[in-house]
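What follows is the residue order along each chain.
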Amino acid sequence: MAKIKKVPKHLAIIMDGNGRWATRRGLPRTFGHKEGIKAIERTIDSCLKHGIKYCTFFAFSTENWKRSKEEIEGIFDLIRTYISKEDNIFLKKHVKLSSIGVLDPFPEDLKSALIDIKEKTKDYDKLEIIFALNYGGRDDIVRAVNKLIDNGYKKVEEGDILSSLDTCSLPEPDFIVRTSGENRISNFLLFQMAYSELYFPKVLWPDFNERHFVKALMVYQKRKRRFGGLS
Ligand code: FPP
């Protein structure tokens, strides 16, 4: 296999296909999400191995509240258990965890577990993992504009919006990967993805592994990024 010379600084992932993975095995959908966490863990290891600095996972969208109460609570339970484990990957491998999205509607114990792990990992600088939780691209833009209005802006420029988005401390995503063969962005980082490279592999998220990760990096390094200019 060819050598990987160029990796995205900021990789963003839409982890799709958990439900289908479970249904095909006659299991409840939550089993797919549980297996999806193993894929998150493998991906964090791959990020460390290949020197990715930022990786954002679309874990819960503003639209996911439409799912059954059972599935929503199942996802919350999984996140809570995962980040509260004493030997979790963030503490063990010195990985910073942050989040984007509005946490207010989440259960108090989940919010406090998140605050706790964010605080404990805030000074790690090798890799930052960002969980998008109750996140929507449109909602992010609307909140950014409202912040500017509250600060007295009458007219805004692109840079004002960029620096008011939840991602203000992050570089724009270089590469967005959505698994499961669906070719949609589904309200992910809408403003931020203006020049992102997109890739839609067929693999279902729970099956995503280092081999798929390397394949994605190979796809990325072949892309010629011109940002509207000429190469
Ligand atoms: C999309 O697959 C997946 C989600 C909406 C949830 C993803 C959540 C996790 C993997 C758990 C989050 C855990 C942490 C630690 C952040 P789908 O259910 O839409 O799959 P389908 O399209 O096959 O139904």
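Because the structure is a prediction, the values reported are computed rather than measured.

> Describe the overall build of the protein, and please don't skip the residues or the numbers.
When helices and strands are tallied, the protein shows eight helices and six strands. Secondary structure elements of the protein occur, N-terminal to C-terminal, as β-α-α-β-α-α-β-α-β-α-α-β-β-α. Against the 2.2 N^0.38 benchmark of 17 Å for 231 residues, the protein shows a C-alpha radius of gyration of 18 Å, consistent with a compact globule. C-alpha atoms of the protein, sized along the principal axes, occupy 55 × 50 × 35 Å. A burial count over the protein gives 49% of its 231 residues as buried. Long-range contacts, defined here as pairs at least 24 residues apart, represent 77% of the contacts in the protein between residues at least 6 apart. Looking at the protein as shown, the accessible area adds up to about 12200 Å², and 52% of this sits on carbon and sulfur atoms. For the protein, the distance from the average site of its 41 positive side-chain charges to the average site of its 32 negative ones is 8 Å.

> Which residues make up the sheet that holds strand E2 (residues 54-61), and what values do they have?
Spatial ordering of the open sheet is given by E3-E4-E2-E1-E5-E6, a layout of six strands whose pairing is parallel. The open sheet has two free edges, formed respectively by strand E3 (96-100) and strand E6 (197-199), since each of these has just one partner strand. Along the sheet, successive strands turn relative to each other by an average axial angle of 20°, direction set aside. With three bridges connecting them, strand E5 (residues 175-178) and E6 associate as parallel partners. Its bridge partner being in E6, Ile176 is matched across the sheet by Leu198. In this fold helix H5 (residues 108-121) packs onto E3 and strand E4 (128-135), with an angle of close to 135° to the strand it touches most, E3.

Calculation rules
Residues numbered from 1 in each chain as written. Predicted model: local features only at pLDDT ≥ 70, side-chain atom pairs only at ≥ 80, totals over all residues. Heavy atoms only, no water. Helix = DSSP H or I, 4+ residues; strand = E, 2+ residues; numbered from the N terminus. Rg over C-alpha atoms; globule rule 2.2 N^0.38 Å. Buried < 20%, exposed > 50% of the residue type's maximum accessible area, 1.4 Å probe, protein only. Contact = heavy atoms within 4.5 Å. Areas by Shrake-Rupley, 256 points an atom, 1.4 Å probe, with all protein chains shown as cover. Lys, Arg positive; Asp, Glu negative; His and termini not counted. Charge placed at Lys NZ, Arg CZ, Asp CG, Glu CD. Pairing = 2+ DSSP bridges. Axes fitted to C-alpha atoms, helices over the stretch in contact; angles between N-to-C directions.

No statement about biological role is implied by the geometric values presented.
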